[in-house]
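What follows is each chain in one-letter form.
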Amino acid sequence: SPPIINFPSPLPFHQSLLQLQKSSPKAEEPVTRMAAEMALAKPTISKFTTSSRRSSSRSISFCSIRMSAASTEAAAGGTKKKLQKTAIKETLLTPRFYTTDFDEMETLFNSEINKQLNQAEFEALLQEFKTDYNQTHFVRNKEFKEAADKMQGPLRGIFVEFLERSCTAEFSGFLLYKELGRRLKKTNPVVAEIFSLMSRDEARHAGFLNKGLSDFNLALDLGFLTKARKYTFFKPKFIFYATYLSEKIGYWRYITIYRHLKANPEFQCYPIFKYFENWCQDENRHGDFFSALMKAQPQFLNDWKAKLWARFFCLSILIRNRCVSASQVYVTMYLNDCQRSDFYEGIGLNTKEFDMHVIIETNRTTARIFPAVLDVENPEFKRKLDRMVEINQKLLAVGETDDIPLVKNLKRVPIIAALVSEIISAYLMPPIESGSVDLAEFEPRLVY
């Protein structure tokens, strides 16, 4: 049998969260109101320093309209077109919206069909989500607007992009979880309620981020985004793999940034980072729920196909639309962040060191549930990532030229081939055999 790998982990959510005293409804009102508005639109260390299958997508392509908080009418005409064009350009590596086979989901969580479902575990998880530890956490103060007004130059634009992308990612989770909660209500009310409560968390995060955009006199039209964004179809087991990884990598990104800025307050350019310690526990809690879901479906974890898929989703790169488009996780994050290194340098982080820390810690966490993971601590893995960054920069440079589309596409062919070669090479590196492990076997402790 494959060896069990013991790695340090984030605190299990039932031990790591600090219970917060409930405030008056008035204190909670701004965030609750934002979450309610979105509900109508149905469907990251101080050592780092700067040196029936449904259609797979909808026919309408994605574009995001950014509305001025001061005047929505200003979005018409030329300004609107310019903002649309910027959003479309960002879709190569922007967060996706997902849909799945909801009928299969209903079958998977039907306790009469699937006798392996541990309803007692799901009941315990439900009580954790009902406690709502962060109910009063996302309350703004005057520091937000003051910090936004002080932020000038390139950092301001980079930070606005960070808020936009983060808001889109959180809103994507809200839509998926909300629909799962609705569809599973009759089949498995306990699991359905957990999904609904997770959608509450995601709506709260997205609303908080969108409110941050208003400090910069901007906002995302989330209702329009719901209707106009292209949706990617994933089978349920792929939803489990991808979402588990996404939530866990979110935990490690948030806690890493929080710890770094706590140790280096001179880089605290905007107060949203002060909320990351409690915020990241929402991500951790969501990831642990998906871990429980996969344990309830051992066929997703216990064969050779599961090992191949687990490694694929850790790497997670897809080729589509004649260009490189990335889903989550390791490679995507590395390429994404290296394109936006100015943001991380602006808060005092070395982008590549930050990313490798997050990748390694996420991989250690993931090894407890996935049957195989990538050997990300092998120096050759980072060398391959760095080569991918260089190739991706060449690909972006081609897109910036004034050549006609045909010439651009011909220039892209050898570059994409080189990138695909590196991805395959990284995927074929000898993996680390791991396997499903009960999280309770590990002593809860932080790695900092």
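Residues numbered from 1 in each chain as written. Predicted model: local features only at pLDDT ≥ 70, side-chain atom pairs only at ≥ 80, totals over all residues. Heavy atoms only, no water.

## Quick notes on the packing of helix α5 (residues 119-131) against helix α8 (residues 189-214)
Here is the rule: Every axis in this analysis is a line fitted to C-alpha atoms, fitted for helices over the stretch in contact. Angles between the N-to-C directions lie between 0 and 180 degrees. Numbering of helices and strands runs from the N terminus; a helix is a DSSP stretch of H or I covering at least four residues, while a strand is a stretch of E covering at least two. The labels follow the angle: roughly parallel below 35 degrees, roughly antiparallel above 145, roughly perpendicular from 65 to 115, and oblique for the rest. Each helix crossing is assigned a hand: it is left-handed if the near helix lies turned anticlockwise from the far helix by less than a right angle, otherwise right-handed if that turn is clockwise. It only takes one pair of heavy atoms within 4.5 Å for two residues to be counted as in contact. Charged residues are taken to be Asp, Glu, Lys and Arg, nonpolar residues to be Ala, Val, Leu, Ile, Met, Phe, Trp, Tyr, Cys and Pro, and polar residues to be all remaining types, Gly included.
At their nearest, the axes of α5 and α8 sit 9 Å apart, and the two run at 30° to each other. By the angle class used here, α5 and α8 are roughly parallel. In the crossing of α5 with α8, the sense of the turn from one axis to the other is left-handed. Between α5 and α8, the residues in contact are Q119, F122, E123, L125, L126, F129 and K130 and V190, V191, E193, I194, L197, M198, R200 and D201, respectively. Residues of the contact of α5 with α8, tallied by class, amount to nine nonpolar, one polar and five charged.

## Let's talk about the environment of F174
Tracing the backbone through its elements, the reader meets F174 in helix α7 (residues 154-183). Counting along the chain gives 77 residues from F174 to F97, while the straight-line C-alpha distance between them is 9.9 Å.

## With respect to the packing of aromatic side chains
This is how it is decided: Aromatic rings from Phe, Tyr and Trp, with only the six-membered ring used for Trp, were paired whenever their centres fell within 6.5 Å, and each pair was classed as stacked if the ring planes differed by under 30 degrees, edge-to-face if by over 60, and tilted otherwise. Only when the NZ of Lys or the CZ of Arg is both within 6 Å of the ring centre and within 35 degrees of the ring normal is a charge said to sit over the ring.
Enumeration according to the criterion identifies 49 aromatic pairs in this entry. When the ring centre of F144 is taken as reference, the NZ or CZ atom of R140 above it lies at 4.7 Å. In this arrangement the basic side chain of R311 is found over the ring face of Y427, its NZ or CZ atom lying 4.6 Å from the centre.

## Notes on the nonpolar core
The test is simple: Throughout, nonpolar core names a set of buried Ala, Val, Leu, Ile, Met, Phe, Trp, Tyr and Cys residues whose side chains join them through atoms within 4.5 Å. The buried label applies to any residue whose accessible area, calculated with a 1.4 Å probe on protein chains only, is under 20% of its type's maximum; exposed applies above 50%, and partly exposed to all values in between.
Judged by nonpolar contacts, the single largest core of 118 residues is most densely connected at F159, Y270, F273 and F289. Residues within four places of F289 in sequence aside, it is in contact with F122, L125, F129, V191, I194, F195 and M198.

## A closer look at the side chain of S172
Relative to the helices and strands, S172 resides in helix α7. A relative accessible area of 7% places S172 in the buried class. S172 has contacts with R96, F97 and Y98, leaving out every residue within four places of it along the chain.

## Remarks on unusual backbone geometry
A positive phi is found at D132, a non-glycine position, where the angle reads about 55°. Notably, N217 is not glycine yet its phi reads approximately 60°, a positive angle. When you line up the elements, N217 lands in the loop between α8 and α9 (222-228). For N217, a relative accessible area of 37% corresponds to the partly exposed category.

## Concerning helix α6 (residues 143-150)
An α-helical turn contains 3.6 residues, so a residue and the one three or four places further along point in the same direction. Rule in force here: It is the directions from the helix axis to the C-beta atoms whose arc is reported.
Those residues of α6 lying buried are F144, A147 and A148. Down the axis of α6, the buried side of the element spans an arc of 100°, and every buried residue falls inside it. On the buried face of α6, the contacting elements are α7 and α8.

## Notes on the pattern of salt bridges
Definition in use: Between Lys or Arg on one side and Asp or Glu on the other, a salt bridge is scored when a side-chain nitrogen of the former is within 4 Å of a carboxyl oxygen of the latter.
Going through the model one piece at a time under the given rule, you end up with 25 salt bridges. A salt bridge links D215 to R140; its shortest N-O distance comes to 2.7 Å. Residue D215 is located in the loop between α8 and α9, and its partner R140 is located in the loop between α5 and α6; the two are separated by 75 residues in the primary sequence. By relative accessible area, D215 is classed as buried at 3%. By relative accessible area, R140 is classed as partly exposed at 26%. Measuring nitrogen to oxygen at the nearest pair gives 2.6 Å for the salt bridge that ties R182 to E179. With a gap of three residues between them, R182 and E179 both fall in helix α7, about one helical turn apart. We classify R182 as partly exposed; its relative accessible area is 41%. Assessed through its relative accessible area of 10%, E179 is described here as buried. One network of salt bridges, in which partners are shared, links E380, R383, K384, R387 and E422.

## Things to note about the confidence of the model for the chain
For the record, the criterion: Every residue is assigned a pLDDT by the predictor, reflecting its confidence on a scale from 0 to 100.
Averaged over all residues, the pLDDT of the chain is 77; the fraction at 70 or higher stands at 73%. Within the chain, α8 carries the highest mean pLDDT (95), whereas strand β4 (residues 323-326) carries the lowest (30). The model gives residues 317-328 a pLDDT under 50, and that stretch makes 39 contacts with residues more than four places away or in other chains.

## Notes on the environment of Y231
How we decide: Throughout this description, a polar contact denotes any pair of N or O atoms lying within 3.5 Å of each other; where both atoms belong to protein, one of them has to be capable of donating a hydrogen while the other can accept it, and for residues adjacent in sequence the pair is counted only when both atoms sit in side chains.
Checked against the element boundaries, Y231 lands in strand β2 (residues 231-233). Judged by relative accessible area, Y231 falls into the buried class, the value being 6%. Taking the C-alpha atoms as reference, Y231 lies 9.6 Å from T100; in sequence the two are 131 residues apart. Reaching out from Y231, the side chain makes a polar contact with the backbone oxygen of T226 at a distance of 3.0 Å.

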